[in-house]
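Working through the structure, step by step
The chain contents come next:
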Amino acid sequence: MQGNDCNRETLDRLLALAKLKVSNEEYDRICRDLNTVAGYLRQVGGLELEGVKPLYHVWEEGLRLRGYGGDRRVDVTELAGVEVEDGYVRVPWRGARR
Amino acid sequence: MIREEAWRILEEYKTGGLDPVDHAAKVYERIARWEPQVNAFIEIDSFDLVEWMAEQARHAYSAGEAGPLEGLLVAVKDNIMTTRNVTTAASRILDGFIPPYDATVVKKLARAGALIHGKTNLDEFAMGSTTENSGFFPTRNPWSLDRVPGGSSGGSGAVLAYGGADLALGSDTGGSVRLPATYTGTVGLKPTYGTVSRYGLIPYANSLEQISPMARSVRDVALLLDVIRGYDPLDATSIEPEDTVLHRLEPADPGEVRLCIVPELLEGADKHVVSIFYNVVEWLEAQGTLVEEARLPSARAALPTYYTLAFSEAASNLARYDGILYPAKGESGNWEEYMAEARGRGFGLEVKRRIVMGVYALSEGYRDEYYLAAAKARRLVRDEILALTRRCIIALPGSPVLPPRLGEALDDPLKLFLMDAYTVLANLAGVPALAQPAGFHEELPVGVQFMAGKHGEPALIRLGLLVEEHTGLAGVMAE
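About the cut-offs
- Residues numbered from 1 in each chain as written.
- Chains lettered and ligands numbered in written order.
- Predicted model: local features only at pLDDT ≥ 70, side-chain atom pairs only at ≥ 80, totals over all residues.
- Heavy atoms only, no water.
- Helix = DSSP H or I, 4+ residues; strand = E, 2+ residues; numbered from the N terminus.
- Buried < 20%, exposed > 50% of the residue type's maximum accessible area, 1.4 Å probe, protein only.
- Polar contact = N/O pair within 3.5 Å; in protein donor to acceptor, adjacent residues only side chain to side chain.
- Contact = heavy atoms within 4.5 Å.
- Phe/Tyr/Trp six-rings, centres within 6.5 Å; stacked < 30°, edge-to-face > 60°.
- Lys NZ or Arg CZ within 6 Å of the ring centre and 35° of its normal.
- Salt bridge = Lys/Arg side-chain N within 4 Å of Asp/Glu carboxyl O.
- Pairing = 2+ DSSP bridges.
- Axes fitted to C-alpha atoms, helices over the stretch in contact; angles between N-to-C directions.
- Core = buried A, V, L, I, M, F, W, Y, C linked by side-chain atoms within 4.5 Å.

This part is about the side chain of Thr130(B). Residues and elements named next belong to chain B. Relative to the elements of secondary structure, Thr 130 occurs in the loop between β4 (115-120) and α5 (154-161). A residue is classified by how much of its surface remains accessible, and Thr 130, at 0% relative accessible area, is buried. Within polar-contact distance, the side chain of Thr 130 engages the side chain of Glu 132 at 2.9 Å. Apart from the residues within four sequence positions on either side, Thr 130 is in contact with Asp 123, Val 148, Pro 149, Gly 150, Gly 151, Leu 416 and Met 419.

Written as structure tokens, this is what we have:
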């Protein structure tokens, strides 16, 4: 996306990818901000990045796999507040306060 | 000015000069006075419960079994999981969520005898710099009620500033502890990445964020950091911290400190902020500290680099809120429509904006131009900061501006981003950074920030204690 080309098609595609529904007012705000913010983020390209390796973890030199691999399991029924009802697990956090 | 420091309260508990129940009652009187105006807490425990917990602390002292934080009231940012209270990350999509396990730091606090008495407000999912983006209500700055307390840990900063807690936990993704500390006249320390477990922190941008201690003095943040840090096998990015006992350190000898300032970063900052910053630097220099000017050439791209990475990680992390497992629900349509509806109802505008930007930065055709470029730029920024902090401690203001008025920055995302100009550097590089009060301009707090190399927490604490000797602001709170 360059300049002011935030059009409905671009934003609709992003909203579909993000699985997001927005109000009309939010749609207009995000469309406007998408231009401004994308232009700002493109400033990164102003640095000389040729030959630079991407950095995904600040201490990449010390990264290691967990010792116990994938064999550790948590039994959901042992977690606080969990009930089992007719073979179904009832999680404690359903239901909003407001 | 009223002053109160947690380590002094502990000393009084030990000598019998102060009773934990009486202290808890005093804190709750302040909460009753301030909270209706400030709105720092999302949820707060009843005094009956806290009184009971304080009685247990009293018994622990009598029995000689007191933990290192026994009887202190600790407020916890509401993106850190607690099984006794709701944990919402200030988002309606998590309203009513009671986590099935406690965060590692919460378990450590409980073992240390701390009394967790409430969950503090934040920008939704920690996305913001003012605490106005909370899904529930904005928090106000106790020093000036028409101003913001900074963000995203603004609830924790505000509650400390009015004396509603002895210590507090925040999380710092791009300055979310240091900015509130700067705006509320409190102290925040972002530790070296990996040295405090993130297990139980609701994630926003994993590669950048750290649970971080907040308090009203440098010795108090050291006290809290001593308890919460440590290797945790439940956090894949956890590393061993260095093993100095931080809260027993003495102020640095000024002649042993080497400080770097980066003048180009101060261009455009508020003149009052710059003036108070130089006041601290010049005092240190007069005491014998070597102060030199330095350059960080890639720092000009630090903010867009930070935001590109943070948005991208946010888009990925928040994909888990699908309207099925967590409280917010959709109503009709197929699965995709149901999910979009639930997310549309549950997330606020700022969260939606950041998810969209993150999806954009990661999407086909744009990934190399945005996300990959930012990951490369991060290496340049990190390497420059690691190289400079091997030579000196970097000094900067905590923020380029004074605390804005409510609503002042909310409409303009770029204005909001600029508040983080001095703080994102430490997150991109993974290094520790301390923000503490430097002075006041017309009754508004102004902060100074120091950044050290990996595992440089002892040097920061010692320098912070020295600076407190100059400012005299340890323990200060709003009246």
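Tallied over the full model, the rule gives 18 aromatic pairs over all chains. Considering the side-chain rings of Tyr321(B) and Phe347(B), the 6.2 Å spacing of their centres and the 90° angle between planes classify their relative orientation as edge-to-face. Placement of the pair is Tyr321(B) in the loop between α10 (302-317) and α11 (335-346) and Phe347(B) in the loop between α11 and α12 (349-362), with a sequence separation of 26 residues. With respect to burial, Tyr321(B) and Phe347(B) carry one shared label: buried. Against the face of Trp7(B) rests Arg219(B), its NZ or CZ located 5.6 Å from the ring centre. Note that Lys454(B) overlies the ring of Trp59(A), its terminal NZ or CZ placed 4.3 Å from the centroid.

All names here are of chain B. Taken as a whole and assessed by the stated rule, the structure comprises 26 salt bridges over all chains. The shortest N-O distance in the salt bridge between Glu 4 and Arg 30 comes to 3.1 Å. Here Arg 30 lies in helix α2 (residues 20-38) and Glu 4 lies in the loop between β1 (2-3) and α1 (6-15), a separation of 26 residues in the sequence. Accessibility assignment for this pair places Glu 4 and Arg 30 in one class, buried. Between Arg 229 and Asp 226 there is a salt bridge; the shortest N-O distance is 3.3 Å.

Turning next to the sheet that holds strand β11 (residues 433-441) of chain B. Residues and elements named next belong to chain B. Pairing is mixed in the open sheet, where 11 strands are placed in the order β2-β4-β3-β5-β7-β6-β11-β12-β10-β8-β9. The open sheet is flanked by β2 (41-44) and β9 (290-293), the only strands paired with a single partner. Strand-to-strand twist of the sheet, defined as the mean angle between neighbouring strand axes without regard to direction, takes the value 30°. For strand β8 (residues 258-261) and strand β10 (residues 393-397), the ladder comprises 3 bridges, and the chain directions are parallel. The residue bridging Ile 261 from the neighbouring strand is Ala 395, located in β10.

What follows is about the nonpolar core. Residue and element names in this part refer to chain B. Counting 156 residues, the largest nonpolar core has Leu 69, Leu 109, Phe 125 and Phe 450 as its most contacted members. Sort the elements by how many residues they give to this core and α10 lands first, with 9 residues. Every residue in contact with Leu 109, bar those within four places of it in the chain, is listed here: Leu 69, Val 74, Val 76, Ala 114, Ile 116, Leu 169, Leu 224, Val 227 and Ile 228.

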